[in-house]
Number of protein chains: 4
Amino acid sequence: LDGYEVFDPMFGYLFNSYYEAVGVRHPRPKRGLISRPSVNDISMYRNYVDEAMLVYLADSPARLDLVELGLHHEQQHQELLLMDIKHVLSVNPLRPAYRNRPILPTGSAPTMEWIGHERGVQTVGHNGHGFGFDNEFPSHDVLSQPFELGSRLVTAGEWLEFIADGGYDSAELWLSDGWNAVQRHEWDAPLYWRRDGDDWEVFSLDGPRPLDPADPVCHTSFYEADAYARWAGARLPTEFEWEIAAAGADAAGNLLEGGELHPLSASGGGLTQLIGDTWEWTSSSYSPYPGYEPAAGAVGEYNGKFMINQQVLRGGCAFTPPGHVRTTYRNFFFPPMRWQMSGLRLCRDA
Amino acid sequence: LDGYEVFDPMFGYLFNSYYEAVGVRHPRPKRGLISRPSVNDISMYRNYVDEAMLVYLADSPARLDLVELGLHHEQQHQELLLMDIKHVLSVNPLRPAYRNRPILPTGSAPTMEWIGHERGVQTVGHNGHGFGFDNEFPSHDVLSQPFELGSRLVTAGEWLEFIADGGYDSAELWLSDGWNAVQRHEWDAPLYWRRDGDDWEVFSLDGPRPLDPADPVCHTSFYEADAYARWAGARLPTEFEWEIAAAGADAAGNLLEGGELHPLSASGGGLTQLIGDTWEWTSSSYSPYPGYEPAAGAVGEYNGKFMINQQVLRGGCAFTPPGHVRTTYRNFFFPPMRWQMSGLRLCRDA
Amino acid sequence: LDGYEVFDPMFGYLFNSYYEAVGVRHPRPKRGLISRPSVNDISMYRNYVDEAMLVYLADSPARLDLVELGLHHEQQHQELLLMDIKHVLSVNPLRPAYRNRPILPTGSAPTMEWIGHERGVQTVGHNGHGFGFDNEFPSHDVLSQPFELGSRLVTAGEWLEFIADGGYDSAELWLSDGWNAVQRHEWDAPLYWRRDGDDWEVFSLDGPRPLDPADPVCHTSFYEADAYARWAGARLPTEFEWEIAAAGADAAGNLLEGGELHPLSASGGGLTQLIGDTWEWTSSSYSPYPGYEPAAGAVGEYNGKFMINQQVLRGGCAFTPPGHVRTTYRNFFFPPMRWQMSGLRLCRDA
Amino acid sequence: LDGYEVFDPMFGYLFNSYYEAVGVRHPRPKRGLISRPSVNDISMYRNYVDEAMLVYLADSPARLDLVELGLHHEQQHQELLLMDIKHVLSVNPLRPAYRNRPILPTGSAPTMEWIGHERGVQTVGHNGHGFGFDNEFPSHDVLSQPFELGSRLVTAGEWLEFIADGGYDSAELWLSDGWNAVQRHEWDAPLYWRRDGDDWEVFSLDGPRPLDPADPVCHTSFYEADAYARWAGARLPTEFEWEIAAAGADAAGNLLEGGELHPLSASGGGLTQLIGDTWEWTSSSYSPYPGYEPAAGAVGEYNGKFMINQQVLRGGCAFTPPGHVRTTYRNFFFPPMRWQMSGLRLCRDA
């Protein structure tokens, strides 16, 4: 934009979260020490940028694609902010709620069914209609072996059986790095579960609530999801098994606009809970698709540089903004992470 | 107080900083994760306690001693809060000022003189008139060898000579633990000094300012103060040498109420700057006086349990509240710490 | 074996490296503190076990498969021992050699050619003839896209160009975790490279030697191999691309029995250096094959539990014992590791 | 020595443990990775140096003082080697003994008596007859308050009462840093004590042995010694109280040449166990004496640079070589250390 002047030359430094191409930035471990700028300064900055953007875009509609990417990126942060708020309230000894409303039991979950798929060559990845992140491209063919996918998410009630059967004490169920994590962090239940005598409570944005066995289990690490699947005589699906099964599925589900802010029990028959409720761990490492090309410049740092040491999750969760998720959408987290709203669905060889 | 009800049963847990006798408390490394209670809740809590205290004290004047101790403790926190604010603003890349006012050069410091003291048995410690912390008691006799004490604090200009002479690169000047600290933290100047081409600036509550060579050096660790003294062919005084020399000194100085919020150049002759400007490192480890008895209960954790691994500092600083400091007052910090407003005065054997 | 008595009941504890199923074991970080048993005790123990094994196997030929697995496992340790010896000698300031013999330059490497492969469904994994580790099973079909594989390994000379072009200073070439590793460890060359004025020397079991530009580069991490490939406008092959290209390749190469103990320059045309010289990083995360089943008991901990956070390497190296490696053989290391003899071969989409 | 050639120019680097003045040296945390030189090389090196030293000293008797210092330094290492051997054998799961010989109970310890001392000015420090380390100089006067010193060391049986009374669970008995150490390291007894049902065993160079209640307690940290003294209604002596009481004491005791390699029960009346058995923690921080001057050059790094963060111990132990210890001898360790053979004697104000 001709003649644009930056609001404050330090802000580029201050608000650069991780983009190497944009230049140096404040060291992440020291962010907690920054006490300013104030909310007023930030609002002024935001308005200043917004006004300049409106002028700029009126002149340069060709840059709307970058703005669209920015909006989808912002939606990711909205989801992550809710996860952060949940976490920070949960570790507060006062255990405050984000909002207050009555919590109702959700009934019982339907019996899980195994839904079969034949061997075949299938096309996966984004088909090019509508927005997609670069990591969903290019669309390409994969050969899948016969498999059966669970009709719904694993429930908290099923997870209680895993605990009762000594799941957290049985090294043979765990990946080696997972077993190390169990011992280092003394995990004996998913994050936010707290034993209360014979009962369990979980922490949610509505504050502590009794554990509902019909709810999907959530806030498990990949390691826990993987160990549970092994205990259940099954495995996690690959990201392509998940996507093949989900093709054509209704993209509606328990997402942010429903206002639940918590995963809900499945209901009805057939393949359910694909979209919303909890992100679903897959057995696929987060890798580039054949022919993947990151964009040029800082935007190119958006996805590609994180394609190592992480696992793919699919399907969105109860914090995901409306219109943000697709069946080709690839989310990713490190295997030991638990603060994101992640659960699992079982799979097995047919 | 009969019938008193606690404001919130969690607050005792939440606001217990380190008192083992008061019960469990929130783990210190996790304090940064607590986002509430709000300022409003805290105000209500404060008023609630204040009102109850007024009723209680009207009935029980005998407990005024504990309130007096609490007030002196609060004064310590006021001083520490200013040190914390200075630190947190200093690490902010925007380098914001706490307040804005013009900074004037202070002229040149008077020549340092050596003021001699004979060998002798002297009484040190608090004489029992007025308030004193338990660590100032009991008053007792010590035998001191002949010594000479510097008439003023070491200046920033003198410290520049130490730097220019390779002080931070000369292992032989340093205690072994100090040399490790130099290398681990890559110290090459006191905290808050920043090289700006050929000049230096220092950070203060008035924001960055040019280094004034006449000002006392401050924000040095014990290790740096000790190394400087060795380089200067001198040593740090013991806490008793300092106290003996300070006996009868005027308790006025550059303290909080003067509003400088920064140490000032010495002026005039004789022994100056004993009170205020900067806390002065001594060579004395923080130990109990012969016959020392901590009080019973939680108040007993106030001083005694910290009497290891720390060094005594004397004299107050430009952040110290009026009426808070005395010549028998014993402050203490760990040897590598630099965020407190600490400087030094030289001493040597006579 | 009826009536067998254990040599020393503590030895099961002492020599259990990581098998959870075998019971508790000495904590790994504290192994360095163990000073005994002596070499004599170990020899007696070894002979005692050997004798009992011979009796046992004469009676139970059915257990020979477990012994065969043990022998292949031992071969892995022989290779790792040479890598450890190389490392420990390299960090010794005396830089001692494992053996002494003259080092001869190896001439120049042939020009790299791109060898093309069509899209197609191919069978990968072990075909069941001869020994294979469980992670090579089951054999299964994969669909591969058209690709071109480099005819030889990347050379040290080519790596010098990467360094000269600022490869270690260009964040945009690196995965995010890789760039962190570069900065944390201050990497500016592969492990064992040392700048000597304008020249470079590398450390080998023959001691320090001048860097030979025709030799394959080795002791790179996955992060470095990945960054190099990006810089070269190419990528690493998947493990299946490598295996498809290697099918039918001669399994001979620069392995342990040749006595070089160092990777050698390629020679001749066509696809070379597949077996031996250096292990070759692939872009494939170490994951189970579809239908993978670990064995029961402690042997089941051999491979499966490590299938996370690691990358597959193929082809063996100059330390690999004769008869140990196959084109279906899957080695694996964590992405930042460099002490193993690992290099790379380029690949690109056709 | 004219014409002397160094045996190997790398050895100065390799064997420089901590002397900054001698130049760079191998980083301490990486010492464990050095596998050579061999024992043969070391023997040759030793003989080479010995021969040159004999020639040199025949010519330069004036340097015998430096050799004498070296011999006393070597004696310190002999003592530390035994402590290290004890430690490394103790953490070996085989719990091997350094030697084997029958262990006999030692009877019961005599009742502890309080031996009084008047207030007075006393001379402490080395009187200049015979060898002394620089930290024992200069001899100087101190003013001591009236005190009473325990006639013998605290016994293991007395320590059992401290444990039974919840000593390790009572925060109010501990210095703050000590209480942190208790919790971080999960201390519940001195080092080398192991509960065996209702009984206790201790590890010694003779291997594990039943705890003998009459033996002095040893391998306690300063923090434990300090907490025990507080529990017992007493305190640790200052180093000068110890030295004043020990003046004129017989310098014989349970030292290395007696061959016990373990502290023994006290016997007889009066002040006992001053020399030998266990080093005795004092309440004195390790500081320079008034007028202390370190020697010039590398020898000057011997003591002075460690005079911070450590506590003085007095009296020698069962590992101390004959003729090495004196009543003016100042040993020093960091407060949390326990691997040295350290115990305690009580003191109180008269």
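**Section: the relation of the copies chain A and chain C**
Thought 1: When chain A is fitted onto chain C, the two copies agree to an RMSD of 0.0 Å after a turn of 180 degrees and an axial shift of 0.0 Å. This pairing of chains is accounted for by a two-fold axis.

**Overview of the interface of chain B and chain D**
Thought 1: Each side of the interface is counted separately: chain B has 28 residues, and chain D has 28 residues.
Thought 2: In this assembly, chain B packs against chain D so that about 2100 Å² is buried in total across both faces, 56% of it on carbon and sulfur atoms.
Thought 3: At the boundary of chain B with chain D, the tally comes to two salt bridges.
Thought 4: A salt bridge links D:Arg119 to B:Asp141; its shortest N-O distance comes to 3.3 Å.
Thought 5: Applying the counting criterion to the chain B and chain D interface returns eleven residue pairs in polar contact (both at pLDDT 80 or more).
Thought 6: Counting only elements with at least two residues in the side of chain B that touches chain D, the list comes to β3 (140–144), α5 (176–185) and α6 (222–231) of chain B.

**Quick look at the interface of chain A and chain C**
Thought 1: Contacts between the two partners involve 28 residues from chain A, matched on the other side by 28 residues from chain C.
Thought 2: Between chain A and chain C we count two salt bridges in total.
Thought 3: For the interface between chain A and chain C, the tally reads eleven residue pairs in polar contact (both at pLDDT 80 or more).
Thought 4: Elements that contribute at least two residues to the side of chain A that touches chain C include exactly β3 (140–144), α5 (176–185) and α6 (222–231) of chain A.
Thought 5: Within the side of chain A that touches chain C, the residues separate by chemical class into 15 nonpolar, seven polar and six charged.

**Digging into the confidence of the model for chain A**
Thought 1: Overall, the predicted model of chain A reaches an average pLDDT of 92, with 99% of residues at or above 70.
Thought 2: This prediction of the complex comes with two scores: 0.87 for pTM and 0.93 for ipTM.

**Overview of the pattern of salt bridges**
Thought 1: For the coordinates displayed, the defined rule picks out 72 salt bridges over all chains.
Thought 2: In this structure, the salt-bridge partner of C:Asp206 is C:Arg99, at a minimum N-O distance of 2.7 Å. Pair noted here: C:Asp206 is in the loop between β6 (199–204) and β7 (207–210) and C:Arg99 is in the loop between α3 (64–90) and β1 (114–117), with a separation of 107 residues, a long-range link.
Thought 3: Accessibility expressed as a relative area gives 22% for C:Arg99, which makes it partly exposed.
Thought 4: Note that C:Glu239 is salt-bridged to C:Arg314, the shortest N-O span being 2.7 Å. Linking C:Glu239 in helix α7 (residues 239–246) with C:Arg314 in strand β9 (residues 311–314), this pair joins segments that are 75 residues apart in sequence.
Thought 5: Residue class for C:Glu239 comes out buried when judged on its relative accessible area of 2%.
Thought 6: Connected through shared salt-bridge partners, A:Arg99, A:Arg101, A:Asp206, A:Arg209 and A:Glu260 make up one network.

**Things to note about the packing of helix α4 (residues 156–164) of chain C against helix α6 (residues 222–231) of chain C**
Between two packed helices, what matters for the description is the angle formed by their axes and the separation of those axes.
Residues and elements named next belong to chain C.
Thought 1: One can describe the packing of α4 onto α6 by two numbers: an axis separation of 11 Å at closest approach and a directional angle of 80 degrees. In terms of orientation, α4 and α6 fall into the roughly perpendicular class. Residues Glu158, Trp159, Glu161 and Phe162 of α4 touch α6, and the partners they reach there are Glu224, Ala225, Ala227, Tyr228 and Trp231.

**Let's talk about the packing of aromatic side chains**
Thought 1: Per the stated rule, a full pass over the model turns up 100 aromatic pairs over all chains.
Thought 2: Summarising the aromatic geometry, the rings of C:Trp174 and C:Trp179 are spaced 6.5 Å apart at their centres and angled 50 degrees between planes, so their arrangement reads as tilted. C:Trp179 carries the same exposure label as C:Trp174, and that label is buried.
Thought 3: Among the aromatic residues, those joined into a cluster by ring pairs are A:Trp159, A:Phe162, A:Tyr168, A:Trp174, A:Trp179, A:Tyr228 and A:Trp231.

**Observations regarding the state of the cysteines**
Thought 1: Inspection of every chain in the model, using the stated rule, returns zero disulfides over all chains.
Thought 2: In this structure C:Cys218 is not part of a disulfide, and its nearest cysteine sulfur, from C:Cys317, lies 8.5 Å away.

**Focus: the sheet that holds strand β5 (residues 193–196) of chain A**
Residue and element names in this part refer to chain A.
Thought 1: Read across the open sheet, the three strands follow the order β5-β6-β7; overall the sheet is antiparallel. The open sheet has two edge strands with one neighbour each: β5 and β7 (207–210). The mean angle between the axes of side-by-side strands here comes to 35 degrees, regardless of whether they run parallel or antiparallel.
Thought 2: Direction of pairing for strand β6 (residues 199–204) relative to β7: antiparallel, over a ladder of four bridges. Each bridged residue has a counterpart across the sheet, and for Val202 the counterpart in β7 is Arg209.
Thought 3: Against the sheet, helix α4 (residues 156–164) contacts β5 and β6, and its axis sits at roughly 70 degrees relative to β5.

Calculation criteria
Residues numbered from 1 in each chain as written. Chains lettered and ligands numbered in written order. Predicted model: local features only at pLDDT ≥ 70, side-chain atom pairs only at ≥ 80, totals over all residues. Heavy atoms only, no water. Least-squares fit on C-alpha atoms with pLDDT ≥ 70 in both. Contact = heavy atoms within 4.5 Å. Buried area = accessible area lost by both parts, 1.4 Å probe. Salt bridge = Lys/Arg side-chain N within 4 Å of Asp/Glu carboxyl O. Polar contact = N/O pair within 3.5 Å; in protein donor to acceptor, adjacent residues only side chain to side chain. Helix = DSSP H or I, 4+ residues; strand = E, 2+ residues; numbered from the N terminus. Nonpolar A, V, L, I, M, F, W, Y, C, P; charged D, E, K, R; others polar. pLDDT = per-residue confidence, 0-100. Buried < 20%, exposed > 50% of the residue type's maximum accessible area, 1.4 Å probe, protein only. Axes fitted to C-alpha atoms, helices over the stretch in contact; angles between N-to-C directions. Parallel < 35°, antiparallel > 145°, perpendicular 65-115°, else oblique. Phe/Tyr/Trp six-rings, centres within 6.5 Å; stacked < 30°, edge-to-face > 60°. Disulfide = S-S within 2.5 Å. Pairing = 2+ DSSP bridges.

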